[in-house]
Amino acid sequence: MRRLVIGDVHSGKKAIPQLLQRAKVTKKDHLIFLGDYVDSWSEAFETVAYLIELQQTHNCLFIRGNHDELCYEWMLSGEENPQWLAHGGTATRDSYLKAGKENWGPHLNFYKNLRNNYLDKDQRLYLHAGFTNLKGIEYEYFDQLFYWDRTLWELARALNPKLKQTDKDFPKRLTHYKEIFIGHTPISKTGVAVPQQGGNVWNVDTGAAFKGPLTIMDVETKAFWQSDPVHLLYPNEKGRN
C-alpha cells in the first residue's frame, strides 16, 4: 500500500482523474487529500460530488481546508462573506446554487466530517495549513489554525538546510513529527511548480487555483505526479488569476 498526498484541488475536478491515472492509483493505496476542495474553478459542486463517490471505492481521507470551512459556513447560514467571494467563493456559490439546495445534503455531511489533521503510524502529520503550539497539535489552542496558519511554512522555508532535526536549534514544534505535509500556501501562482521541502515540512500546493497543476506525492519515496496546469483544463475561465 502506498500513502499518497494530494494538494489543494480548488474545484479543479478535471485534474483529479488525470492524477489517479498518471500515478496508477489502485484501491490498495491510501489517498490523503490536504484540503481546499472548492473556490476557484466552476466545478465546485461537481468536485465534491466526485470525491464523495471516490470515497466509496477507494481508501480516502479528507483534511479540512480554510476554503472548505468558508463554503460550509455559507451553506449553513446563507451569509456571503465578501472576502470569501473575492477569493474564489463566487464561482463556488454559483456552482452550488446551480446544483440546487435539494442536492446539498451529502455535501454538508462531507464538509462536517472533514478532519483537521491526521497522524499516521510512522509519525507523519498531515494538515492543511499548520499549527503554532511548541508542544504539538494536541496542545493547539485554536482549531482554526490547522487550516488558516501560514507561519509553519514560513518557518520551514527560513530554516538553514544544513540544520538537522536533532540539532538544539531545530524548531521545537517540528521535532514531534517525522515529517509534516501541508498545502494552503501555493508554491507558485504563475506557472508549473513542484512540491517543496523546508526542514521536515513538505508543501504540496502547486497552485491549481491559479496557473499550476494539481499534485499527488508518495510520502515514502517522494515520487510525484501532476495534472496538466489546471487553467488549461478550464480555458474559458479566470479562476483566481
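Predicted model, so just to flag it, every value in this text is computed and none were measured. (Residues numbered from 1 in each chain as written. Predicted model: local features only at pLDDT ≥ 70, side-chain atom pairs only at ≥ 80, totals over all residues. Heavy atoms only, no water.)

**A look at the overall build of the protein**
Convention followed: Only DSSP runs of H or I covering at least 4 residues are called helices, and only runs of E covering at least 2 are called strands; the numbering of each starts at the N terminus. The quantity called the radius of gyration is restricted to C-alpha atoms. Its globule counterpart is 2.2 Å times the number of residues to the power 0.38. To sort residues, take the accessible area from a 1.4 Å probe on protein chains only and compare it with the maximum for the residue type: under 20% means buried, over 50% means exposed, and anything in between is partly exposed. Counted charges follow a simple rule, with Lys and Arg positive, Asp and Glu negative, and His plus the chain ends left uncounted. Charge positions are represented by NZ for Lys, CZ for Arg, CG for Asp and CD for Glu.
Along the backbone of the protein there are eight helices and 10 strands. Computed over the C-alpha atoms, the radius of gyration of the protein is 17 Å, within 12% of the 18 Å expected from 2.2 N^0.38 for a compact globule of 241 residues. Considering only C-alpha atoms, the protein reaches an extent of 55 × 40 × 35 Å along its principal axes. Taken across its 241 residues, the protein has 56% of its residues classed as buried. Computed over 30 positive and 29 negative side-chain charges, the separation of the two mean positions in the protein equals 5 Å.

**Thoughts on the nonpolar core**
The condition that has to hold: Put simply, buried Ala, Val, Leu, Ile, Met, Phe, Trp, Tyr and Cys residues joined by side-chain atoms within 4.5 Å make one nonpolar core.
Counting 41 residues, the largest nonpolar core has Leu31, Phe33, Tyr37, Tyr96, Phe110, Tyr111 and Leu214 as the members making the most contacts within it. At six residues, helix 2 (residues 44-57) tops the list of elements feeding residues into this core. Counting 16 residues, the second largest nonpolar core, distinct from the first, contains Phe131, Trp153, Leu174 and Tyr177.

**Thoughts on helix 4 (residues 82-99)**
Under the convention used in this document: Take the residue count of a helix, subtract one, and multiply by 1.5 Å to get its expected span. We define the bend at each residue as the angle formed by axes fitted to the 7 residues ending at it and the 7 residues starting at it. The contact criterion used is simple: two residues touch if any of their non-hydrogen atoms lie within 4.5 Å. By the criterion applied in these results, polar contacts are pairs of N or O atoms within 3.5 Å in which, for protein atoms, one can donate a hydrogen and the other can accept it, and in which residues neighboring in sequence qualify only through two side-chain atoms.
With 18 residues, helix 4 extends just 22 Å between its outermost C-alpha atoms, more than 12% less than the 26 Å of an ideal straight helix rising 1.5 Å per residue. Of all the bends in helix 4, the greatest, near 90°, is centred on Gly88. Every buried residue of helix 4 is listed here: Trp84, Leu85, Gly88, Gly89, Thr92, Arg93, Ser95, Tyr96 and Ala99. Packing partners of the buried residues in helix 4 comprise helix 2, helix 3 (66-77) and helix 5 (105-112). N-cap assignment for helix 4: the residue whose side-chain oxygen lies 2.8 Å from the backbone N of Gln83 is Asn81.

**Some remarks on helix 5**
Heads up, the rule is: This arc corresponds to the set of directions leading from the helix axis out to the C-beta atoms.
By the burial criterion, the buried members of helix 5 are His107, Phe110 and Tyr111. With its buried residues spanning 95° around the axis, helix 5 presents them on a single face. On its buried face, helix 5 is in contact with helix 2, strand 3 (59-62), helix 3 and helix 4.

**Side note on the pairing of strand 5 (residues 124-127)**
Keep this limit in mind: Strand pairing is defined by DSSP finding a minimum of two bridges between the two strands.
Neither face of strand 5 is open: one carries Arg124 and Tyr126, the other Leu125 and Leu127, and all of them are buried. In this sheet, strand 5 lies alongside strand 4 (residues 117-119) in antiparallel orientation, the contact comprising three bridges. Each residue of the ladder has a partner; that of Tyr118, found in strand 5, is Tyr126. Between strand 4 and strand 5, which pair antiparallel in sequence order, lie four residues; one of them, Gln123, sits at a positive phi of approximately 65°.

**As for the sheet that holds strand 1 (residues 3-6)**
Basically, it comes down to this: To get an axis, a line is fitted to the C-alpha atoms, and for a helix only the part in contact is used. The angle between two axes follows their N-to-C directions and goes from 0 to 180 degrees.
Pairing is mixed across the open sheet formed by five strands, whose spatial order is 3-2-1-9-10. With one partner strand each, in any of the chains shown, strand 3 and strand 10 (224-226) form the two edges of the open sheet. The mean inter-strand angle of the sheet, taken between neighbouring strand axes irrespective of direction, is 20°. Pairing of strand 9 (residues 215-218) with strand 10, which is carried by three bridges, proceeds in the antiparallel orientation. By the bridge assignment for strand 10, Met217 is matched with Phe224. Set on the sheet, helix 1 (residues 15-22) makes contact with strand 1, strand 2 (30-33), strand 9 and strand 10; between it and strand 10 the angle comes to about 140°. Sitting on the sheet, helix 2 is in contact with strand 2 and strand 3, with an inclination near 135° to strand 3.

**A closer look at the environment of Thr92**
Counting through the fold element by element, Thr92 comes out in helix 4. Residue Thr92 is classed as buried on the basis of its relative accessible area of 0%. The residues contacting Thr92, other than those within four sequence positions of it, are Ser11, Val38, Asp39, Ser40, Ala44, Cys71 and Trp84.

**A short note on the packing of aromatic side chains**
As a reminder, the rule being used: The pairing test for Phe, Tyr and Trp rings, Trp by its six-membered ring, is centres within 6.5 Å, and the orientation test on the planes gives stacked under 30 degrees, edge-to-face over 60, and tilted for anything in between. Whether a charge sits over a ring comes down to the Lys NZ or Arg CZ being within 6 Å of the ring centre and within 35 degrees of the ring normal.
Under the criterion given, the structure shown has 15 aromatic pairs. An angle of 75° between the planes, with centres 5.7 Å apart, marks the rings of Phe110 and Tyr111 as edge-to-face. The same class applies to Phe110 as to Tyr111, namely buried. It is Lys14 that lies over the ring of Tyr234; its NZ or CZ is 4.6 Å from the centre. Over the ring of Tyr139 we find Lys135; its NZ or CZ atom is 5.4 Å from the centre of that ring.

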